Amino acid sequence: MMASNYPNGSSRFNHLKQTSNDLDSDDIGSVEFATYTVQIPATPDNQPTGISLQRSTSQRVEDQYASSSLFTGGYNCVTRAQLKDKVIESETSHPQMTWAKGSYCTVPGCDAQVVTDERGLDIVPCECGYKICMDCYRDSMRNGESVCPGCTEPYKEMDMNEYGVTSRQSLLPTDGMSKTDRRMSLMKSKSMKSKALVESQAIEMDQNQWLFESKGSYGYGNAMWPKEDVSGSLDGMGGDPKMFKDKQWKPLTREVKISAAILSPYRLLVLARLVVLGLFLYWRVTNPNDDAVWLWLMSVICEFWFAFSWILDQLPKLCPINRIAYVDVLKEKFETPNPSNPTGKSDLPGIDIFVSTADPEKEPPLVTANTILSILATDYPVEKLACYVSDDGGALLTFEAMAEAASFANLWVPFCRKHVIEPRNPESYFSMKRDPYKNKVKSDFVRDRRQVKREYDEFKVRINGLPDSIRRRSDAFNAREEIKAMKLRRESRDDEPLENLKFPKATWMTDGTQWPGTWVVSAPEHSKGDHASIIQVMLKPPSDEPLKGTEVDSNSMNLSEVDIRLPMLVYVSREKRPGYDHNKKAGAMNALVRASAVMSNGAFILNLDCDHYIYYSQAMREGMCFMMDRGGERLCYVQFPQRFEGIDPSDRYANHNTVFFDVNMRALDGIQGPVYVGTGCLFRRTALYGFDPPPMKERDGCCSGFFAKRKKTSSVASAPEVDSQDGSVELDNDNEEMGLALIPKTFGNSSLFVDSIQVAEFQGRPLADHPSMKNGRPIGALTLPRELLDASTVAEAISCISCWYEDKTEWGQRVGWIYGSVTEDVVTGYRMHNRGWKSIYCVTKKDAFRGSAPINLTDRLHQVLRWATGSVEIFFSRNNALLASSRMKFLQRIAYLNVGMYPFTSIFLIVYCFLPALSLFTDQFIVQQLNVTFLVYLLGITITLILLAVLEIKWSGIELEEWWRNEQFWLIGGTSAHLAAVLQGLLKVIAGIEISFTLTSKSGGDDADDDFVDLYIFKWTSLMVPPITIIMVNLIGIGVAVCRTIYSDNPKWSSLLGGSFFSFWVLAHLYPFAKGLMGRRGRTPTIVFVWSGLLAITISLLWVAIDPPSGSSGIGGSFQFP
């Protein structure tokens, strides 16, 4: 681990003083734990003065050093921190930009700049105000002089001597102290006998009873137990829910039931169709077709499977619900001044947002940059947000694009806040076709918008020009290095010819150093699968107080009333080495979980794909309403629906997938919760760690079971008047040792990460503002400022994202995103539901997030293939819902079973699609004859299906066209991608053979003026063979049957009508597929259609000619198929 180079050690200190009522005393069994309260004493971390005076000079300098350095490391590598004075070509003046500097150093001969704090003010270590840069200051401290060059007086450190903190090691005795004591700041209180209300005003607190957070206690607040005085009241601000008895309690969410006038008929129709299907299948079994037993048998088997598949799909839809979130109540509870939070600081928990990208060539950096900008501008407390960008390709292009985005955010984010812009993705905002000036009341909006639009156009030019800029820069630096190397070779008089020398083609950063990640020209230790870990803080943590802009001249934006702070932004590229299985996206997500836990430790995690941006700026607030509401402690995640842009108006290939997101997911919300779909999901961090949800009737948090059991029952945050036989926080020695031994095997050997777990669990609890809140936290617990970063913390994060960290741990097995499937999202959600967690489906009034989706046929089939392959892998793994635990509800188990089994329907579906053509060819049908009974059953099944669709449209809000498009693509995908996925899965399970379906581009649209030009791109793939075969066989079958019936002396019109009806049913579902094959309308030559028609007619006539009717030597006469 990298140690701090600054005097007095790290910026975090621990101060521990035993109270007279020792935790290990004999009378502890008679002690009951009361609600603890978060105190805000006058500690070094909480002074009433400005931000610049709250922390010592060494802490702020170290924060600047940690934020301005590029950290690298990995397997068999030393962790290094390279101070970066310049990351991009453009200049910036925002105080949070990691490469932003203040005034020039006044030390003679030095031209460096002074570091700045969170507000952009120069950090000066001496009271005389002498300005000195970081390097000169460090040289002064390293030489042992510690004297200010200006006044020649020794430097003073406010935090070390003034508050009696000497050293970390001497103040943390470990003998006889439990791990929980070392981790949390807990003080014991006697049982509360009085029923009086808790005092509303804060009382002065004894400094000796304050315990600073430990090194691993990262987050937004410290917790401690209050002390009860003689009168029975508590010292400090209370968190007793009884104080709200005179105040009406307001829920944050409301469950809206579907109208009984819709839901009751819907359930009755499901029952009616189930009865009709049962009677129909019984009739089919008892009435075989003796003339074509093989045809009858195949059809009956397929119909039984279809009925079973429909039951699996329909049963989870019986309990659909809607939900409403009250964002105004959330603001009232968490951001409004009250007796327990007099300042009105945000008491919301922190959120860490993960954005994943892997290849800048396939995922354009401009798209990722717009996603980042929408996150930085979202409507959530700035100091509670942290954005982590995972670049799994380790590309300098992505790194510099993120730096450019951070620089442009200096203008874009204040503009959004000032004028309440929606959406806050600049590309989407400036591309809107509606009037941008509607409902804008500020007089300077037009001028500000024009300025931001001009700056954004320049920003896009810089982003799009980065590849050429990096290439030219690298060529120049490589040429310089070659010249230097040849010069040294000549000076050393080496006899080796210069022509034989090979110089690596490195990729160079702006400051003239080599990029530690993937080079444009791959080299050892600098390729996509072989590079070091990289962490760069693009935007350092913001100040705790709002930072207003300045009122400038008329040519610039007036930000005097706007908070210009930006959320923390971190670039992360995990280490990759040959021989290690990096587990693709799931592995990248787990690396971000560990790094973020060490650096910011937000209690909740929102993951987004690089092309999914925040469309509704208050989406996270709505999701937080569910997490912070009554019962929210048992929610593992809040899933938002996926919405897409750039889809053709007709949605030819059902890219919007509204039936799944508005019908199936809404229905699952009424059971145990929706499945996790990979993006747009707000996670509870501790649920990702593999913990069980807190029990309904117990008070322990979800982490208490892992960190060793207490003797009876105890909790990190207990409710008032806990009836506990033993309120001790002392852990049982045997269980303590067992827990400590299991921690490295579960989470790895990072003590900082392990220490952050309980803090994250506590911060994620709802408020204890209602008697039913058994696992709540007190009001005001999360109003303390975030700790500054230091070099050792970032160095620890580097080790957590190394390729070896997960060896012999449970990451990917039980902890974090689960490995072993290409659909790691579904498996991860399944594991949480299997442990008893619940999830919520949050449908906001505006689309919460929007993204892009493939709109051409080939890419859409490839996407569906990947999903179906993952489902087959789930079915053949231990994640099969048949093996689920009893904690999972029955209907939820049915839903997950359907997820794993739906691809197998393709086997029966493709057979059933050929049956109409076989009937037409053989002049037989699946039944002996088209009698009334068969037609009545068929009519009943069809009518109930239509009525169910109408009611689903009614309670879900989708349109009939969307339902029909879904039905069409169900057959298209079922006869192509799903079948390929089943074959691929079976070969992998049985023979261990993996098959990949490659895509080859054959032609594409070249009309740049068409917004949907990608719709007409055609790429051939083997997935298209089955649907094309089905279309051709059915067309030929119809032609053969028509010709045979016309020329037959005894035509069988019933067979013709029955077979033709089902053939047309198949062709109607495959129409979008056929349309996709034809490409752009009007570009397919007419001769193609002419020859297709002639070919079908010729083959039909040839069939009759080869096998003419009996009793005649040519075409015509009586025809009987032998």
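Predicted model only: the values in this text are computed from it and were never measured.

A.B. asks: Before we move on, can you summarise the environment of Trp-519 with the specific residues and values?
C.D. replies: Considering the arrangement of structural elements, one finds Trp-519 in the loop between helix 12 (445-491) and strand 7 (533-539). By relative accessible area, Trp-519 is classed as buried at 6%. Residues Trp-519 and Trp-508 lie 11 residues apart in sequence; the distance between their C-alpha atoms is 8.6 Å. Other than its neighbours up to four places away in sequence, Trp-519 contacts Pro-504, Lys-505, Ala-506, Thr-507, Gln-514 and His-526.

A.B. asks: Mind laying out the sheet that holds strand 9 (residues 604-609), listing which residues take part and the relevant values?
C.D. replies: Here 10 strands make up an open sheet; going across it, the order is 2-1-7-8-6-5-9-13-11-14 and the pairing mixed. Only two strands of the sheet have a single partner each, and these edge strands are strand 2 (77-83) and strand 14 (838-841). Averaged over neighbouring strand pairs, the angle between their axes works out to 20° when direction is ignored. Here four bridges tie strand 11 (residues 635-639) to strand 14, and the two strands are oriented parallel to one another.

A.B. asks: Could you give an account of the nonpolar core, with specific residues and numbers?
C.D. replies: Core analysis: the largest hydrophobic core is formed by 147 residues, its most contacted members being Tyr-388, Ile-535, Met-599, Phe-683, Tyr-689 and Phe-753. The element contributing the most residues to this core is helix 6 (residues 260-286), with 10 residues. Discounting residues that sit within four places of it in the chain, Met-599 has contacts with Tyr-388, Ile-535, Val-537, Met-568, Val-570, Leu-789, Thr-793, Val-794 and Ala-797. In this structure, Phe-445, Leu-569, Met-620 and Phe-849 belong to the second largest nonpolar core, which totals 88 residues.

A.B. asks: So what's going on with the pattern of salt bridges? Residues and values would help.
C.D. replies: With the rule as written, the count across this model stands at 44 salt bridges. Close ionic contact of Arg-621 with Asp-379 constitutes a salt bridge, the shortest N to O distance being 3.6 Å. With Arg-621 in helix 14 (residues 619-628) and Asp-379 in the loop between helix 9 (365-376) and strand 6 (385-391), this pair connects stretches of sequence that are 242 residues apart. Among the salt bridges present, the one from Lys-988 reaches Glu-873, with a minimum N-O distance of 3.2 Å. With Lys-988 in helix 26 (residues 977-990) and Glu-873 in helix 21 (residues 857-875), the pair connects residues that are 115 residues apart, well separated along the chain. Judged by relative accessible area, Lys-988 falls into the partly exposed class, the value being 36%. Owing to a relative accessible area of 17%, Glu-873 belongs among the buried residues under this scheme. Each of Arg-643, Glu-645, Asp-662, Arg-666, Asp-847 and Arg-850 takes part in salt bridges that share partners, so that together they form one network.

A.B. asks: Describe helix 7 (residues 293-314), and please don't skip the residues or the numbers.
C.D. replies: Relative to the 32 Å expected for 22 residues at 1.5 Å per residue, helix 7 spans 31 Å between its end C-alpha atoms, a close match to the ideal helical length. If you check which residues of helix 7 are buried, you get Leu-295, Trp-296, Ser-299, Val-300, Cys-302, Glu-303, Trp-305, Ala-307, Ser-309, Trp-310, Leu-312 and Gln-314. On the buried face of helix 7, the contacting elements are helix 6, helix 22 (890-901), helix 23 (905-922) and helix 24 (932-956).

A.B. asks: Run through the packing of helix 20 (residues 824-834) against helix 22, naming residues and quoting values.
C.D. replies: To characterise two packed helices, one gives the angle between the axes of the helices and the distance between these axes. Where helix 20 meets helix 22, the axes come as close as 12 Å, and the angle between the chain directions of the two elements is 160°. By the criterion of interaxial angle, the relationship of helix 20 to helix 22 is roughly antiparallel. Seen from above, helix 20 lies across helix 22 with left-handed handedness. On helix 22, the residues touching Val-826, Gly-829, Tyr-830 and His-833 of helix 20 are Gln-892, Tyr-896 and Val-899. A breakdown of the residues in the contact of helix 20 with helix 22 according to their chemical character gives four nonpolar, three polar and no charged.

A.B. asks: Please set out the pairing of strand 8 (residues 568-573) residue by residue, giving values where relevant.
C.D. replies: Sheet faces and side chains relate simply in a regular strand, where the side chains alternate between the two faces. The element strand 8 is extensively covered by neighbouring structure, given that six of its six residues are classed as buried. Burial along strand 8 is two-sided: Met-568, Val-570 and Val-572 facing one way and Leu-569, Tyr-571 and Ser-573 facing the other are all buried. Sheet topology note: the strand 6/strand 8 ladder contains five bridges and is parallel. Residue pairing across strands places Tyr-388 opposite Val-570, the latter belonging to strand 8. The pairing of strand 7 with strand 8 spans five bridges and is antiparallel. Within the sheet, the bridge partner assigned to Ile-534 lies in strand 8 and is Ser-573.

A.B. asks: Before we move on, can you summarise unusual backbone geometry with the specific residues and values?
C.D. replies: Backbone torsion omega between Glu-422 and Pro-423 reads -10°, so that peptide bond is classified as cis. Counting through the fold element by element, Pro-423 comes out in the loop between helix 10 (396-419) and helix 11 (426-430). Despite not being glycine, Glu-525 has its phi angle at roughly 70°, a positive value. Following the sequence through the fold, Glu-525 ends up in the loop between helix 12 and strand 7. Judged by relative accessible area, which is 47%, Glu-525 ranks as partly exposed. Phi is positive for Lys-584, close to 50°, though the residue is something other than glycine. Structurally, Lys-584 is set in helix 13 (residues 584-599). For Lys-584, a relative accessible area of 65% gives the class exposed.

A.B. asks: So what's going on with the sheet that holds strand 12 (residues 643-645)? Which residues, and what values?
C.D. replies: Spatial strand order, 10-15-12: three strands in an open sheet with mixed pairing. The open sheet terminates on both sides in strands that have one partner only, identified here as strand 10 (613-614) and strand 12. Sheet topology places strand 12 next to strand 15 (residues 849-852); three bridges connect them, and they run parallel. Across the sheet, the residue bridging to Phe-644 is Gly-851, located in strand 15.

A.B. asks: Mind laying out helix 8 (residues 327-334), listing which residues take part and the relevant values?
C.D. replies: Turning to helix 8, its buried residues are Val-327, Val-329, Leu-330, Lys-333 and Phe-334. For helix 8, the angular spread of buried residues about the axis comes to 155°, placing them on one side.

A.B. asks: Provide a residue-level description of the confidence of the model for the protein chain, including the pertinent values.
C.D. replies: Looking at the protein chain as a whole, its pLDDT mean stands at 77, while 72% of the residues score no less than 70. Overall, residues 1111-1122 carries pLDDT values under 50, and its contacts beyond four positions in sequence, including any with other chains, amount to 26 contacts.

A.B. asks: Explain the environment of Arg-574 to me, and be specific about the residues and the numbers.
C.D. replies: In this structure, Arg-574 sits in the loop between strand 8 and helix 13. The class of Arg-574 is buried, set by a relative accessible area of 8%. Along the chain, Arg-574 and Ser-802 lie 228 residues apart, while their C-alpha atoms are 6.3 Å from each other. With residues up to four places along the chain from it excluded, the contact list for Arg-574 reads Asp-392, His-531, Ala-532, Ser-533, His-582, Lys-584, Gly-587, Ala-588, Ala-591 and Ile-801.

Cut-offs used in this document
Residues numbered from 1 in each chain as written. Predicted model: local features only at pLDDT ≥ 70, side-chain atom pairs only at ≥ 80, totals over all residues. Heavy atoms only, no water. Helix = DSSP H or I, 4+ residues; strand = E, 2+ residues; numbered from the N terminus. Buried < 20%, exposed > 50% of the residue type's maximum accessible area, 1.4 Å probe, protein only. Contact = heavy atoms within 4.5 Å. Pairing = 2+ DSSP bridges. Axes fitted to C-alpha atoms, helices over the stretch in contact; angles between N-to-C directions. Core = buried A, V, L, I, M, F, W, Y, C linked by side-chain atoms within 4.5 Å. Salt bridge = Lys/Arg side-chain N within 4 Å of Asp/Glu carboxyl O. Expected span 1.5 Å × (residues − 1). Parallel < 35°, antiparallel > 145°, perpendicular 65-115°, else oblique. Left-handed = near helix turned anticlockwise from the far one by under 90°. Nonpolar A, V, L, I, M, F, W, Y, C, P; charged D, E, K, R; others polar. Arc of directions from axis to C-beta. pLDDT = per-residue confidence, 0-100.

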